[in-house]
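Listed below are the residues making up each chain.
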Amino acid sequence: MPMPDQVADLSGLSLAEIARLADEAKLPPVASWNPTHCGDSEMRIARDGTWFHQGSPIGRPAMVKLFSTILRREPDGGYVLVTPVEKLDIVVEDAPFVAVELKSEGEGGTRRLAFRLNTGDLIVAGADHPLRFDAREDGPHPYLLVRDGLEALVARSVYYELANAAIDEGADPPGLWSDGVFFSITA
């Protein structure tokens, strides 16, 4: 399956271009594949988004990108890598993706927020890709729904961009609109 080229950063793209690229990303139909469980992949995704195999980081971004397209969240909350003929467990420490870059256009109810993930995928926050914020002892943990129960942890620097934009907007409760949906940044 041909993979779209990764986007280096969002700064030179309009939100319309980002949305078009996001729509063009065709993924395998992993939800419809139901092979027999084959065991453990000996892979894990660290909290920072680094993929490991047998304890060593996977250094080829193209391999990580490929594996990310066959990742699926199971009804029990676990994660698997799935193909038409096999299903293997994979350990995910927090979220399988990390949102590493933000592009914001507009303001108030017309704002759109686009995120680039550590895999190069592009996601525009909205009804199909909501943002949520978990309150924890070590501070807020923001997440973006990527697809089918798979989320991206929003990197701390990107969260600070969101928080600053929300403060500038002055909404009560603090939050931001994206693609017609309001997301409170409080947990």
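Because the structure is predicted, anything quoted here is derived from the model rather than measured.

Rules used throughout
- Residues numbered from 1 in each chain as written.
- Predicted model: local features only at pLDDT ≥ 70, side-chain atom pairs only at ≥ 80, totals over all residues.
- Heavy atoms only, no water.
- Helix = DSSP H or I, 4+ residues; strand = E, 2+ residues; numbered from the N terminus.
- Buried < 20%, exposed > 50% of the residue type's maximum accessible area, 1.4 Å probe, protein only.
- Contact = heavy atoms within 4.5 Å.
- Areas by Shrake-Rupley, 256 points an atom, 1.4 Å probe, with all protein chains shown as cover.
- Pairing = 2+ DSSP bridges.
- Axes fitted to C-alpha atoms, helices over the stretch in contact; angles between N-to-C directions.
- pLDDT = per-residue confidence, 0-100.

## Let's talk about the overall build of the chain
When its secondary structure is counted, the chain shows three helices and 14 strands. The buried share among the 187 residues of the chain stands at 45%. In the chain, 55% of the contacts between residues at least 6 apart in sequence involve partners at least 24 apart. Surface summary for the chain: the accessible area is close to 9600 Å², and the carbon and sulfur share equals 52%.

## Here's the deal with helix α2 (residues 61–69)
When α2 is considered as a whole, its buried residues turn out to be V64, K65, F67, S68 and T69. In this fold, the buried residues of α2 make contact with β1 (37–45), β2 (51–53), β4 (71–73), β5 (79–82), β7 (97–105) and β11 (139–147).

## Topic: the sheet that holds strand β3 (residues 56–57)
Across the sheet, six strands lie side by side as β3-β2-β1-β6-β5-β4; this open sheet has mixed pairing. In the strand order of this sheet, the two ends are held by β3 and β4, each with one partner. Sheet topology places β1 next to strand β6 (residues 87–92); five bridges connect them, and they run parallel. Across the sheet, residue G39 finds its bridge partner in β6, namely L88.

## Digging into the pairing of strand β12 (residues 150–154)
The buried count for β12 comes to five of five residues, which makes it a mostly enclosed element. Alternating residues of β12 divide into L150, A152 and V154 and E151 and L153, and every residue in both groups is buried. With three bridges connecting them, β7 and β12 associate as parallel partners. Opposite V98, over in β12, you have L153 as the bridge partner.

## Notes on the sheet that holds β12
The six strands lie next to each other as β9-β8-β7-β12-β11-β10, forming an open sheet whose pairing is mixed. Each having just a single partner strand, β9 (122–124) and β10 (131–136) make up the two edges of the open sheet. Across this sheet, the average inter-strand angle for adjacent strands is 40 degrees, counted without regard to direction.

## Concerning the confidence of the model for the chain
Per-residue confidence for the chain gives a mean pLDDT of 89; residues scoring 70 or more make up 86%. The lowest-confidence element of the chain is helix α1 (residues 15–24), averaging 58 in pLDDT; the highest-confidence one is β12, averaging 98. pLDDT under 50 marks residues 1–5. Its contacts with residues more than four places away, or in other chains, come to five contacts.

## Some remarks on unusual backbone geometry
A cis amide bond, omega 10 degrees, links D172 with the succeeding residue P173. Looking at the element boundaries, P173 is found in the loop between α3 (156–169) and β13 (175–178). In this structure, D148 takes a positive phi of about 40 degrees despite not being glycine.

## Observations regarding the environment of L162
As for its placement among the helices and strands, L162 is situated in helix α3. Not counting residues up to four positions away in its chain, the partners in contact with L162 are L102, L113, F115, V154 and L176.

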